[in-house]
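Letter by letter, the chains look like this.
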Amino acid sequence: MLELDICGRDYERPVLGSIAATIAPGDRICLLGPSGIGKTTLLRAIAGLDSSLPEAAIVRHRPVRIGYLFQEHRLLPWRTLRANIQLVGVSAAEADACLARVGLAPYAGYLPDQLSLGMARRAALARCLAVEPDLLLLDEPFASLDPAMAEELKTLIAGVLDASPEMAMVCVTHDAGDARTLANRLWYLDGKPAQLQWDRAVDDPGGLEQLLVKLRTPR
């Protein structure tokens, strides 16, 4: 589906170093690393939002539709949820169907400010799903949510992925435990400039456990 071949950045103090990796259909990747290390920067690069990268840094073997769930929901406050989702080019009925997928069918006529943070996040996820993505990029989707709401959203995302086994995902998170629910593969970003220090399947012998040990080891 997609290959990364980032050869470092041209800044005086680059955030990302050399990164080579692939994303295949069905990959469900949790991306971990210390705060401020460059996880969001890498996600933006994958999405094609970093104009400073050369075209050859991100190789797409076919057109890839991307749904990007930002840290902020980025819903337009003066538009209803239905109208926000229609901005990606779908009909009102299709927008309502996307809202139903995330449990927000009764709220299609609500404005974003009338929702809780967790509901707004789900509405933003519905907007991602409206483009029928091949690749879902999630930037700390559980941040600032209480444990019950975070678990609810996690279960919802896992259900979306299970229903579309060819859909790939990269999820930035600070909690390696999220991999138990969401991931079949783990990336760990670290260093100055940052590089992928870890790229292993979750079910590799000791894979997740070894990463948990690494995260607990003092830097």
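Here's what I pulled together on the structure shown here. (Residues numbered from 1 in each chain as written. Predicted model: local features only at pLDDT ≥ 70, side-chain atom pairs only at ≥ 80, totals over all residues. Heavy atoms only, no water.)

## Let's talk about the sheet that holds strand β3 (residues 28-32)
Each strand in a sheet pairs with its neighbour through backbone hydrogen bonds, running either in the same direction (parallel) or in the opposite one (antiparallel). Pairing within the open sheet is mixed, and its 6 strands lie in the order β5-β6-β7-β3-β8-β9. Each end of this open sheet is capped by a strand with a single partner; those strands are β5 (66-69) and β9 (195-201). Within this sheet the neighbouring strands show an average axis-to-axis angle of 15°, counted without direction. With 4 bridges joining them, β3 and strand β7 (residues 168-172) adopt parallel strand pairing. Each bridged residue has a counterpart across the sheet, and for L31 the counterpart in β7 is V172. Against the sheet, helix α1 (residues 39-47) touches β3, β5, β6 (135-139), β7 and β8 (185-190), its axis set at about 155° to β6. (Pairing = 2+ DSSP bridges. Helix = DSSP H or I, 4+ residues; strand = E, 2+ residues; numbered from the N terminus. Axes fitted to C-alpha atoms, helices over the stretch in contact; angles between N-to-C directions. Contact = heavy atoms within 4.5 Å.)

## Topic: the sheet that holds strand β2 (residues 18-23)
Pairing within the open sheet is antiparallel, and its 3 strands lie in the order β2-β1-β4. A single partner strand is all that each edge strand has here, and the edge strands are β2 and β4 (58-60). Between one strand and the next, the sheet's axes are offset by a mean angle of 10°, whatever the strand orientation. Of the strand pairs in this sheet, strand β1 (residues 2-7) and β2 are connected by 6 bridges, and their pairing is antiparallel. In the strand pairing of β2, E3 is matched with T22. Taken strand by strand, α1 contacts β1, β2 and β4, and its axis lies near 125° from that of β1.

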